[in-house]
Amino acid sequence: MLVRAITAPGLRRWCRGRQGAATACFPLGRALLGVRGAEAAVFLQGLLTNDVTPLVAAGESRPALYAHALNVQGRCLYDVILYRLHGSTAEEPHILLECDSSVLDSVQKHLKLYKIRRKVTISPCPDLSLWAVIPGEQPGDASSLPKSADQALLLTPDPRAEVMGWRLIAKKGANLSEMIPGSQVGDVQDYHRHRYKQGIPEGVKDLPPGVALPLESNLAFMNGISFTKGCYIGQELTARTHHMGVIRKRLLPVLFPTPLSSTGIPEGTEILTESGKPAGKFRAGAGELGIALLRLAHVNEPLCIDLGGDKVKLSATTPQWWPKAAAK
């Protein structure tokens, strides 16, 4: 299988700002589904927010894209990343779909419900492993980007944001040090902390199925939606919200003064302003970092959570990778 290592100038610039840090590889518990067949792209096109056709179009070098599958009310069911495995248009389309492993069965049922008579096969890929690669740069190194990936099935920049580094798909048991020389295997909790610091949602805790709205979840900022592709399930509300141009709440990174206790904060806990006004809801976190759905009008105010009579303070920030006018 052809390895695709895509040059990303913006990622190189970001790496240069991390001098002294080794490339960290995090084993992810996400699941992979193979969607294969002549109508694979056409099939997925009607189910996902993003335009899937670049994954199979001639001359396209785009090997990965981010998207959400929505319900008929326009709320998020699953966040997915799609990967192109076939090497050319002469080959049968073969797309890998990455999803939260806890909803693997639900995703398969969802896909098969709409498969009908499409020439597509859908099957899990338990023989593959998925890694997040966050590049660093050792002193004196010319570049921190992966240099060798002979055992990799696919190696590509994370399609959501440059700050999320790379995605690596390999055979289970592959030698990581041979694929990415000088890399270190990291604790996956550090990967989640990095996500929360950047305000990147992933999985059902951050994006509760049937609750999260795609534009409030910053889907447009993360290259996860096409407003010109045509119809897909859940499109109507999303398109109307986009054209109205009014988004009053967004997912934002939040910071606590001290790390949370082992019990943490329950998902969906209400966040209040100092004067007691509702400001949003907490989604998930790790240590002193978390992600929350907040009203933009209250982002710069002191915030707190009431836990059994105790007020836990927190603050929200706007990620640097967002478009400059995004929070206005």
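Residues numbered from 1 in each chain as written. Predicted model: local features only at pLDDT ≥ 70, side-chain atom pairs only at ≥ 80, totals over all residues. Heavy atoms only, no water.

K.L.:
Can you walk me through the side chain of Glu-202 in this structure?
P.N.:
Among the secondary structure elements, Glu-202 is positioned in the loop between α5 (188–198) and α6 (235–244). Judged by its relative accessible area of 8%, Glu-202 is buried. Reaching out from Glu-202, the side chain makes a polar contact with the side chain of Tyr-191 at a distance of 2.6 Å. Setting aside chain neighbours within four positions, we find Glu-202 in contact with Arg-30, Asp-79, Arg-160, Arg-167, Tyr-191, His-192 and Arg-195. (Helix = DSSP H or I, 4+ residues; strand = E, 2+ residues; numbered from the N terminus. Buried < 20%, exposed > 50% of the residue type's maximum accessible area, 1.4 Å probe, protein only. Polar contact = N/O pair within 3.5 Å; in protein donor to acceptor, adjacent residues only side chain to side chain. Contact = heavy atoms within 4.5 Å.)

K.L.:
I'm lost on the nonpolar core in this one. Help?
P.N.:
Grouped burial of nonpolar side chains is what soluble globular proteins tend to show. Counting 57 residues, the largest nonpolar core has Tyr-83, Ile-169, Val-254, Ile-271, Leu-294 and Trp-321 as its most contacted members. A per-element tally of this core places strand β14 (residues 289–295) first, with 5 residues. Looking at this core, you find at least three residues from each of domain 1 (24–198) and domain 2 (248–321). If we ignore the near neighbours within four places in the chain, the residues touching Ile-271 are Lys-277, Pro-278, Ala-279, Gly-280, Lys-281, Phe-282, Ala-292, Leu-294, Leu-303, Cys-304, Ile-305 and Leu-314. (Core = buried A, V, L, I, M, F, W, Y, C linked by side-chain atoms within 4.5 Å. Domains from an automatic or database assignment.)

K.L.:
What is the right way to read helix α3 (residues 104–115) from this model?
P.N.:
Counting along an α-helix, one turn takes 3.6 residues, and residues three or four places apart therefore face a common direction. With 12 residues, α3 extends 16 Å between its outermost C-alpha atoms, agreeing within 8% with the 16 Å of an ideal straight helix rising 1.5 Å per residue. Among the structural elements, β2 (31–36), α2 (40–45), β3 (64–70), β4 (76–84), β5 (94–99) and β6 (121–124) are those in contact with the buried residues of α3. Count one or two residues on from α3 and you reach Ile-116, which has phi positive near 50 degrees. (Expected span 1.5 Å × (residues − 1).)

K.L.:
Explain the environment of Trp-166 to me, please; I cannot follow it from the model alone.
P.N.:
Checked against the element boundaries, Trp-166 lands in strand β9 (residues 166–171). Spatially, the C-alpha atoms of Trp-166 and Ile-134 are 6.4 Å apart, while their sequence positions differ by 32 residues.

K.L.:
Teacher, can you tell me more about the packing of aromatic side chains here?
P.N.:
A ring pair, where both rings are aromatic, is described by two values, the distance of the centres and the angle of the planes. Applying the stated rule across the entire model yields 3 aromatic pairs. Each ring, one from Phe-26 and one from Tyr-191, has its centre 6.0 Å from the other, and the planes form 40 degrees; the classification is tilted. Pair noted here: Phe-26 is in strand β1 (residues 24–27) and Tyr-191 is in helix α5, with a separation of 165 residues, a long-range link. For the pair shown, Phe-26 and Tyr-191 are each scored as buried. Between Phe-256 and Phe-282, the ring centres sit 5.9 Å apart and the planes meet at 70 degrees, which makes this aromatic pair edge-to-face. Here Phe-256 is found in the loop between β11 (249–255) and β12 (270–273), whereas its partner Phe-282 is found in strand β13 (residues 278–286), with 26 residues between them in sequence. As far as burial versus exposure is concerned, Phe-256 and Phe-282 are alike and both buried. The ring of Tyr-66 is capped by Arg-160, whose NZ or CZ atom sits 6.0 Å from the centre of that ring. (Phe/Tyr/Trp six-rings, centres within 6.5 Å; stacked < 30°, edge-to-face > 60°. Lys NZ or Arg CZ within 6 Å of the ring centre and 35° of its normal.)

K.L.:
For this particular structure, what's the right way to read empty space enclosed by the protein?
P.N.:
If a probe as big as a water molecule is rolled over the atoms, it shows which places are left empty. Scanning the entire structure with this criterion turns up 1 cavity of 30 Å³ or more. Here the largest cavity defines a volume of roughly 50 Å³. Lining the largest cavity are Leu-47, Leu-48, Ala-69, Tyr-78, Val-80, Leu-97, Val-107, His-110 and Leu-111. Listing elements by their share of the lining of the largest cavity, those giving two or more residues are β4 and α3. Among the elements that make up the lining of the largest cavity, the one with the highest residue count is α3 (3 residues). Of the residues assigned to the lining of the largest cavity, the class counts are 8 nonpolar, 1 polar and no charged. (1 Å grid on protein atoms, 1.4 Å probe; cavity = no way out; pocket = protein on both sides within 12 Å on 5 of 7 lines; lining within 4 Å. Points joined across faces, edges and corners; volume = space filled by probe spheres on them. Nonpolar A, V, L, I, M, F, W, Y, C, P; charged D, E, K, R; others polar.)

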